[in-house]
Structures are given as C-alpha cells and as structure tokens.
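Secondary and tertiary structure notes
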Amino acid sequence: MKIEDLDLDALTELFNIGLHRAAASLSELTGQRILVDLPRLWVCPIEETHARLTELLHGDLATVHQIFRGTVAGDAVLVLQYDAAARLAGLLTSGEVAVGGRLDQSAREVLAEIGNVILSSCLSSFGDMLRVAVSFSVPHIHVESLDGMLRSLQVGNEDLQFALLAATQFRLSEGEVGGYLIVAVGMSSLSIISDALASGAP
C-alpha cells in the first residue's frame with residue numbers, strides 16, 4: 001500500500017477521539033479540566049521521522065513507550081521535551097512534583113501514569129473504531145535523546161516501517177503543554193488501518 005492511500009482526515013479524527021478520551025480520564029484523575037487541541041497529523045516512512053522531528057524537538061526528551069500487539073501491532077510513544085514534561089507533571093499535581101523543573105522519581109511516576117492514560121486511550125480508540133483486537137504492555141518512561149528514542153522503537157521482530165505522528169496541545173487552567181504521539185507500525189498493520197478507515201471506521 002502507499003501512504004497516499006490513507007484517509008488522513010479519518011485518521012486524524014481517530015487520534016482526536018483517543019486524545020479527548022485521554023483528556024477526560026486525566027480530568028477525572030486530577031480534578032482539573034483538561035482539554036486537547038485537534039491534532040496535526042503526519043504519516044511518513046520511519047526513516048524520515050528523524051528529519052521531521054529534528055525541526056520540532058531539541059535537547060533531552062521525556063518519552064513513555066507502550067508496545068501494542070494484536071491484529072494491529074507496533075510501538076506507541078508519548079514524546080515531550082524535558083522541560084515540557086516537568087511542567088506537565090507539575091501542573092497535573094498542583095506543583096507537588098517536578099519542583100525546580102527536575103524530573104525526579106516522583107515526577108517520572110506521574111509521567112508514566114500520564115503516558116499510560118494517553119497511550120491506552122488512543123490505542124483503545126484504534127481497537128474500538130477499527131474493530132480490531134489490540135492489547136498493550138506496561139508503559140516505560142525514559143529520558144533520552146531523539147536519536148535514542150528512534151532507535152528504541154520496536155515490537156517483537158516486526159519491521160516497523162511507518163510512523164503516524166500526531167502533535168497536540170494539552171490545555172489546563174494554569175497553562176498549556178505541547179506534546180507528540182508517535183505510533184510506529186509495519187506494512188501489514190498500516191494496510192489494516194487503511195482498509196478499516198476506507199470501509200467507514202470510525
């Protein structure tokens with residue numbers, strides 16, 4: 001299949017539904033009203049992801065990885081710049097963690113839970129809307145470079161060839177934080193997603 005065959009509007013809406021589910025769950029967890037912007041979406045071969053992200057991200061990153069398997073399989077990653085990750089953790093805990101902008105152990109635990117909510121909501125939306133079975137692993141948080149993050153994309157022995165990259169803003173009463181979702185998949189998974197979107201899902 002070709003990337004040009006994908007219905008990008010339908011795929012954007014799929015991410016949008018997942019992110020709004022995540023925002024609702026985070027709002028319930030934290031007692032704060034959290035909104036998300038309609039994501040900007042790119043789909044590209046995985047080898048082009050570095051060049052695209054280099055324009056958007058700089059320095060150390062805080063990433064939460066969640067491998068997913070089933071009819072559609074791949075590696076999903078929440079990507080935040082280090083300072084944005086510390087800011088988000090602080091905003092969601094009313095300043096109880098990430099004091100001084102540092103991602104200490106408590107802040108990392110908060111971020112891992114944030115990542116779990118966001119990634120699980122998006123992956124569950126993929127499964128529900130595309131009517132495919134998806135299961136996902138326990139998320140893992142890392143502080144790493146862009147190169148390190150891209151090298152770590154993996155799931156079993158599947159060759160991950162494509163990246164679905166969504167950019168959004170998380171809006172809270174005290175401020176907003178930009179973040180990125182990367183869903184890396186192989187050719188077979190991308191074909192399944194494309195076919196499901198073409199058949200009318202979501």
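Everything in this summary refers to the structure shown in the same document. (Residues numbered from 1 in each chain as written. Predicted model: local features only at pLDDT ≥ 70, side-chain atom pairs only at ≥ 80, totals over all residues. Heavy atoms only, no water.)

On to the overall build of the protein. Per the secondary structure count, the protein includes six helices and eight strands. Listed by position from the N terminus, the elements making up the protein come as α-β-β-α-β-β-α-α-β-β-α-β-β-α. Here the protein has a C-alpha radius of gyration of 16 Å; the compact-globule value for 202 residues is 17 Å, and the two agree. Overall, the C-alpha framework of the protein stretches about 50 × 35 × 30 Å when taken along its three principal axes. Across the 202 residues that make up the protein, the buried fraction comes to 53%. Put simply, of all contacts in the protein between residues at least 6 apart along the chain, 74% involve residues at least 24 apart. Across the protein, 12 positive and 25 negative side-chain charges occur, with their mean positions spaced 2 Å apart. (Helix = DSSP H or I, 4+ residues; strand = E, 2+ residues; numbered from the N terminus. Rg over C-alpha atoms; globule rule 2.2 N^0.38 Å. Buried < 20%, exposed > 50% of the residue type's maximum accessible area, 1.4 Å probe, protein only. Contact = heavy atoms within 4.5 Å. Lys, Arg positive; Asp, Glu negative; His and termini not counted. Charge placed at Lys NZ, Arg CZ, Asp CG, Glu CD.)

What follows deals with the pattern of salt bridges. One pass over the full model with this rule turns up three salt bridges. Salt-bridge contacts for Arg171 lead to Asp37; the nearest nitrogen and oxygen are separated by 2.7 Å. Of this pair, Arg171 sits in strand β7 (residues 162-172) while Asp37 is found in the loop between β1 (35-36) and β2 (40-45), placing the two residues 134 residues apart along the sequence. The salt bridge involving Glu176 is made with Arg171; its shortest N-O contact spans 2.2 Å. (Salt bridge = Lys/Arg side-chain N within 4 Å of Asp/Glu carboxyl O.)

Spacing of three or four residues puts side chains on the same side of an α-helix, whose turn is 3.6 residues. Under the 1.5 Å per step criterion, the end-to-end length of helix α4 (residues 105-130) is 37 Å for 26 residues, consistent within 8% with the ideal 38 Å. Just beyond α4, the residue with positive phi is Arg131, at close to 55°. (Expected span 1.5 Å × (residues − 1).)

The subject of this paragraph is the side chain of Gln32. Within the secondary structure, Gln32 sits in the loop between α1 (8-30) and β1. For Gln32, the residues in contact, after removing those within four places along its chain, are Ser27, Leu91, Leu92, Thr93, Ser94, Leu172 and Ser173.

All chains considered together, the criterion is met by one aromatic pair. When the ring of Phe15 is compared with that of Phe126, the centres are 5.3 Å apart and the planes differ by 80°; the resulting orientation is edge-to-face. Pair noted here: Phe15 is in helix α1 and Phe126 is in helix α4, with a separation of 111 residues, a long-range link. For Phe15, a relative accessible area of 1% translates into the label buried. Residue Phe126 is classed as buried on the basis of its relative accessible area, which comes to 6%. (Phe/Tyr/Trp six-rings, centres within 6.5 Å; stacked < 30°, edge-to-face > 60°.)

One finds Leu11, Phe15, Ile114, Ile118, Leu164 and Leu181 to be the most contacted residues of the largest nonpolar core, which totals 55 residues. By residue number, the principal contributor to this core is α4, which donates 11 residues. Contacts of Leu181, omitting those with residues within four sequence positions, involve Phe15, Leu19, Val77, Leu78, Ile118, Leu119, Cys122, Leu164, Leu165 and Ala166. (Core = buried A, V, L, I, M, F, W, Y, C linked by side-chain atoms within 4.5 Å.)

Right, let's talk about the packing of helix α3 (residues 82-92) against α4 for a bit. Interaxial distance between α3 and α4 falls to 9 Å at its minimum, and their mutual angle equals 85°. Comparing their axes, α4 and α3 come out roughly perpendicular. Along its contact with α3, which presents Ala85, Leu88, Ala89 and Leu92, the element α4 presents Ala107, Val110, Leu111 and Ile114. Residues of the contact of α3 with α4, tallied by class, amount to eight nonpolar, no polar and no charged. (Axes fitted to C-alpha atoms, helices over the stretch in contact; angles between N-to-C directions. Parallel < 35°, antiparallel > 145°, perpendicular 65-115°, else oblique. Nonpolar A, V, L, I, M, F, W, Y, C, P; charged D, E, K, R; others polar.)

On to α3, then. Among the 11 residues in α3, eight count as buried, and that is most of the element. Every buried residue belonging to α3 is among Ala84, Ala85, Ala86, Leu88, Ala89, Gly90, Leu91 and Leu92, and all of these are buried. The elements touched by buried residues of α3 are α1, β3 (61-70), β4 (74-81), α4, β7 and β8 (175-185). Immediately beyond the C-terminal end of α3, within one or two residues, lies Ser94, with a positive phi of roughly 55°.

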